[in-house]
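Each chain is listed here by its residues.
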Amino acid sequence: MFKGKLLHVMLAIVLFVGSVFFSVHPNSSYAGEGKKVIVYVERAVAEDFKRGGFDVLEMYETFSLFNVTPTEEEILKVRNIQYTETPDIDKIFYGGFVFTSDGAKNMVYPTEVSKHLSMSDEGLFLLQFTGTVKPEWTLAVQSQGMKSFPIAILSAYLVKTTREKMPSIKSLPFVRTMGQVPGFLKVSQDLQNQALKLQILWLLRQKL
């Protein structure tokens, strides 16, 4: 009981000092909209944080994506909760555009792209995982007959598949979002070469 009261006192001090300090010395890494971090807690704990006022963007079984303020980041540190700063983890940079997710695994297209969006039964799709890709994740996707290559070292892949397979792929717990690529965004040779280099780099890291 004493430890619990002490923790509440410490958090109150952090909230007060943090609100004063950061109002005078803003941190540019927050870019006026918070800092995106992967917080390594169970889903139930993340739900408690959300009820407590934290901006929890996405929740998974063993980690969640938070958008924290400077004061909230201090709370994570005081409670000795592990987290990793990932400013662009929820974005896919492709073809000069930025693609995101609506939080329900549906892809949000830039306005310029959505104007030219026409769906076909088979084609190229953007697929983003929930975090740094694990070998078993790619194997699970490839087992459904998909051809893929990475376009970002962390989490985004360009895959060739059909719309019929989208629901089963999106249902995988480690998939953040998936959406079809418009026909005008062709895969350039430079991109294919870059993807090959990333694949080789990833394979070398697995052997280290």
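Residues numbered from 1 in each chain as written. Predicted model: local features only at pLDDT ≥ 70, side-chain atom pairs only at ≥ 80, totals over all residues. Heavy atoms only, no water.

Participant: Can you explain the confidence of the model for the chain? Please cite residues and give values.
Facilitator: Per-residue confidence for the chain averages 74 on the pLDDT scale, and 70% of its residues sit at or above 70. This stretch, residues 1-28, has a pLDDT under 50; its non-local contacts, to residues over four places away or in other chains, come to 20 contacts. Note that residues 200-204 has pLDDT below 50 and, in this model, three contacts with residues that lie over four places away or in other chains. (pLDDT = per-residue confidence, 0-100. Contact = heavy atoms within 4.5 Å.)

Participant: Got a sec to walk through helix 5 (residues 135-142)? Specific residues and values, please.
Facilitator: The complete set of buried residues in helix 5 reads Trp 137, Thr 138 and Val 141. The buried residues of helix 5 occupy one face: seen down the axis, they fall within an arc of 95 degrees. Elements that come into contact with the buried residues of helix 5 comprise strand 8 (122-129) and strand 10 (156-162). (Buried < 20%, exposed > 50% of the residue type's maximum accessible area, 1.4 Å probe, protein only. Helix = DSSP H or I, 4+ residues; strand = E, 2+ residues; numbered from the N terminus. Arc of directions from axis to C-beta.)

Participant: Please give an account of the environment of Leu 57 that cites residues and values.
Facilitator: One can find Leu 57 in strand 2 (residues 55-59). Accessibility expressed as a relative area gives 34% for Leu 57, which makes it partly exposed. Among residues more than four places away in sequence, those in contact with Leu 57 are Lys 36, Leu 65 and Asn 67.

Participant: I'd love a proper account of the sheet that holds strand 3 (residues 64-68), names of residues and values included.
Facilitator: On the basis of which strands lie adjacent, the open sheet formed by four strands has the order 2-3-1-4 and antiparallel pairing. The strands lining the two open edges of the sheet, one partner per strand, are strand 2 and strand 4 (83-85). Between one strand and the next, the sheet's axes are offset by a mean angle of 30 degrees, whatever the strand orientation. Pairing of strand 2 with strand 3, which is carried by four bridges, proceeds in the antiparallel orientation. Within strand 3, the residue paired with Val 56 across the bridge is Phe 66. Most of the contacts of helix 2 (residues 43-51) go to strand 2, to which it runs at about 155 degrees, and overall it touches strand 2 and strand 3. Its contacts with the sheet put helix 3 (residues 70-78) on strand 1 (35-39), strand 3 and strand 4, and the angle it makes with strand 3 is roughly 130 degrees. (Pairing = 2+ DSSP bridges. Axes fitted to C-alpha atoms, helices over the stretch in contact; angles between N-to-C directions.)

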